[in-house]
Amino acid sequence: MKFLNLNKHSLLKIACVLVLLSLVGCSPLKEGNKQTIDPNTKVVTIPDYRISGDYYRSALDTQEGFKSSVARGLVVTNLNSRTDLDEFELGLMRVSQSAFPTDKYYFREGQYLDRKTISSWLARKYSPEQLVEKKLKDTQNFGLNPINTGDPKASPEYLAHILEQDYMVIEDGNTLKLGGITIGLALNSPAYIQGAASSTDIAETASDRTVLLSEGKLIADEVLTRLRQVEGLENVPITIALFKQSPLGSVIPGNFIAVTNVNAGGNSITDWQEVHEQFYIFPSKSASENANTLDDQNLFNEFKKNIENFFPNFNGVIGRASYSNDKLQELMITIPMQFYGKTEVISFTQYVTSQLINFFPETMSVHISITSSNGPEALIVRNAGDTQPFVYVYH
């Protein structure tokens, strides 16, 4: 195994070296990295380094730096949890790869749908009476959520957020242009509605996968129509993905349930591909009741038992399992402990690493975080296909 134990001075030296390397890797002085972006003919820098084939490289404007989304920050206020936020953003990149491969396309945060536009689309659709009351025309009726009738079952808020990601391509050897966009539609499950009695009175109505698929597809049809009316998006390929949010208070993130790819110039959606992803907590009742996760949880429980027997100050071992098409893809394990010295941390980390190797097959990605009241103590990572894990002890 790779085992690192670094003091603060070593970490500072490494940080300085990494900064220098990153500056070299992104240097606009290298001709191979300089591209002009149409129509402003600005120079953009494409970093040489990419974490892995699972991630896109970003197109960086040399003069302006990283171009933030024109709706920056809105996603934080509209999603239920940080876990939902992370999975929505990173998962949207993942589902985009079928249409926009990472070796040909470059990532840029959304530059077309701004905060005002997205907020207006997330609003409720006005009734004819409300339009008259507000002195608005039907063409100003942008809301994509149902009219609020005061009955939660009749008018749930299905749409929680809209996220845009842009994917760029290089053309004519030196010009970076928009190659396509991906739109994520975050859907509430259960769907929430503010009660008529009080603005703070929130009721909920159950929305199963079938209902969300049906409602999400209707919303996607309208979103596509509107995107084609945006200057610059008339003819580009568009991918739209439906994301099912986790309920309020959930400790696991939501998951994508469907995706569609619309060809350049296409004005209608003709086909959807359902996505079967799911997250589970180990140990949990839901994982025990599912035949596809039971064996994996039993294996985790044996690992957990060995950890408990090794160390006296045990506080618990928690796993978060990620499944795709009923197959375990990744297991994230958190082990909170109470340590009384660095030697205890080292001994415990080595033991946990040996148990990882003994219990979990190399086809499974396993990340283990060991923490204490002082913060992170050690990190153990073994990606699928690796024979030995990477181990890092914080010092």
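What counts, and at which threshold
- Residue positions are given per chain, counted from 1 along the sequence in the order it is written.
- At least 70 in pLDDT is required for a residue's local features to be given in this predicted model, at least 80 for side-chain atom pairs to be given and counted, and no such filter applies to totals for whole chains, interfaces and linings, which use all residues.
- Hydrogens and water molecules were not included; the side-chain quantities draw on all heavy atoms of the structure.
- Secondary structure is summarised from DSSP: a helix means a run of H or I of at least four residues, a strand means a run of E of at least two, and numbering begins at the N terminus for each.
- In what follows, residue pairs with any heavy atoms lying within 4.5 Å of each other are defined as contacts.
- The method behind every accessible area is Shrake-Rupley, applied with a 1.4 Å probe, and residues are considered shielded solely by the protein chains displayed.
- Only buried residues count toward a nonpolar core, which is a set of Ala, Val, Leu, Ile, Met, Phe, Trp, Tyr and Cys residues joined through side-chain atoms within 4.5 Å.
- Note on classification: 1.4 Å probe, protein chains only; a residue is buried when its accessible area is under 20% of the maximum for its type, exposed when over 50%, partly exposed between these limits.
- Working definition: a ring pair exists when centres of Phe, Tyr or Trp rings (six-membered ring for Trp) sit within 6.5 Å. Plane angles under 30 degrees give stacked, over 60 give edge-to-face, the rest tilted.
- Summary of the metric used: pLDDT quantifies the predictor's per-residue confidence within the range 0 to 100.
- What makes a patch is a set of residues exposed beyond 30% relative accessible area and free of salt bridges, joined within 9 Å when like-charged and within 5 Å when nonpolar (Val, Leu, Ile, Met, Phe, Trp, Tyr).
- Here a salt bridge means any side-chain nitrogen of Lys or Arg lying within 4 Å of a carboxyl oxygen belonging to Asp or Glu.
- Note that the arc is computed from the directions linking the helix axis to the C-beta atoms.
- Geometry is summarised by axes, namely lines fitted to C-alpha atoms with helices restricted to the contacting stretch, and by angles between N-to-C directions that run from 0 to 180 degrees.
- An angle below 35 degrees is treated as roughly parallel, one above 145 as roughly antiparallel, one from 65 to 115 as roughly perpendicular, and anything else as oblique.
- By convention, the crossing between two helices is left-handed when the near helix turns anticlockwise from the far helix through less than a right angle, and right-handed when the turn is clockwise.
- At least two bridges found by DSSP between two strands is the condition for calling them paired.

A. A look at the overall build of the chain. Broken down by element type, the chain carries nine helices and 17 strands. Across the chain, the fraction of contacts at a sequence separation of at least 24, relative to all contacts at a separation of at least 6, is 59%. In the form shown here, the chain has an accessible surface area of approximately 20500 Å², with 52% of it arising from carbon and sulfur atoms.

B. Looking closely at the nonpolar core. Counting residues in hydrophobic clusters, the biggest one holds 38 residues, and the most contacted among them are Ile162, Ile183, Leu185, Leu227 and Ile240. Of all the elements, helix H6 (residues 209-227) adds the most residues to this core, at seven residues. Discounting residues that sit within four places of it in the chain, Ile162 has contacts with Leu113, Ile118, Trp121, Leu122, Leu144, Ile183, Gly184 and Leu185. Counting residues in hydrophobic clusters, the runner-up holds 30 residues, among them Tyr280, Phe282, Leu331 and Ala378.

C. Representation of the packing of aromatic side chains within the structure. In total, this model carries 16 aromatic pairs according to the counting rule given. Measuring from ring centre to ring centre gives 4.9 Å for Tyr392 and Tyr394, while their planes differ by 90 degrees; the resulting arrangement is edge-to-face. Tyr392 gets classed as buried once you look at its relative accessible area, which sits at 12%. The class for Tyr394 is partly exposed, based on a relative accessible area of 30%.

D. Just the environment of His276, in detail. Summarising the element assignment, His276 is placed in the loop between strand S11 (273-274) and strand S12 (277-282). On the basis of relative accessible area, His276 is assigned to the partly exposed category, the value being 43%. In this view, His276 contacts Arg209, Tyr323, Ser324 and Asn325; residues no more than four positions away in its chain are not counted.

E. Up close: the confidence of the model for the chain. In this model, the chain carries a mean pLDDT of 82, and residues with pLDDT of at least 70 account for 80%. Taken as a whole, residues 1-40 scores under 50 in pLDDT and shows 67 contacts with residues more than four places along the chain or in a different chain. Here residues 195-203 is a poorly scored stretch, pLDDT under 50, and it has eleven contacts once near neighbours within four places are set aside; other chains count.

F. Spatial organisation of a nonpolar patch on the surface. On the surface, Tyr49, Ile51, Tyr55 and Leu90 cluster together to form a nonpolar patch covering roughly 480 Å² of accessible area. Residue classification places Ile51 among the exposed positions, given a relative accessible area of 63%.

G. Region of the structure containing unusual backbone geometry. With an omega of -10 degrees, the peptide bond running from Phe282 to Pro283 counts as cis. Among the secondary structure elements, Pro283 is positioned in the loop between S12 and helix H7 (285-288). Despite not being glycine, Asn325 has its phi angle at roughly 50 degrees, a positive value. Note on placement: Asn325 falls in the loop between strand S13 (318-324) and strand S14 (327-336). Unusually for a residue other than glycine, Asp326 sits at a positive phi of about 65 degrees. When you line up the elements, Asp326 lands in the loop between S13 and S14.

H. A look at the pattern of salt bridges. All chains considered together, the criterion is met by ten salt bridges. For the salt bridge of Arg94 with Glu277, the shortest nitrogen-to-oxygen distance reads 3.0 Å. Note that Arg94 is positioned in helix H3 (residues 82-96) and Glu277 in strand S12, a separation of 183 residues in sequence. When the shortest N-O distance is used, the salt bridge between Arg226 and Glu222 registers 2.8 Å.

I. Quick look at helix H4 (residues 115-122). Of the positions making up H4, those classed as buried are Ile118, Trp121 and Leu122. Take H4 and look down its axis: the buried residues cluster within an arc of 100 degrees, on one side only. The elements touched by buried residues of H4 are helix H2 (74-78), strand S6 (157-171) and H6.

J. Representation of the packing of helix H8 (residues 291-310) against helix H9 (residues 342-359). Axis separation between H8 and H9 bottoms out at 11 Å; the angle between their running directions is 155 degrees. In terms of orientation, H8 and H9 fall into the roughly antiparallel class. Where H8 crosses over H9, the handedness of that crossing is right-handed. Where H8 approaches H9, its residues Leu299, Glu302, Phe303, Asn306, Ile307 and Phe310 are matched on the opposing element by Ser347, Phe348, Tyr351, Val352, Gln355, Leu356 and Phe359.

K. Region of interest: the pairing of strand S15 (residues 365-372). Buried residues dominate S15, accounting for seven of its eight residues. Where S14 lies against S15, seven bridges are found, and the strand directions are parallel. Across the sheet, Leu331 pairs through a bridge with Val366, a residue of S15. In the sheet, S15 pairs with strand S16 (residues 375-382) via seven bridges, with the strands oriented antiparallel. Opposite Ser369, over in S16, you have Leu379 as the bridge partner. The turn joining S15 and S16, which pair antiparallel and follow one another in sequence, is formed by two residues.

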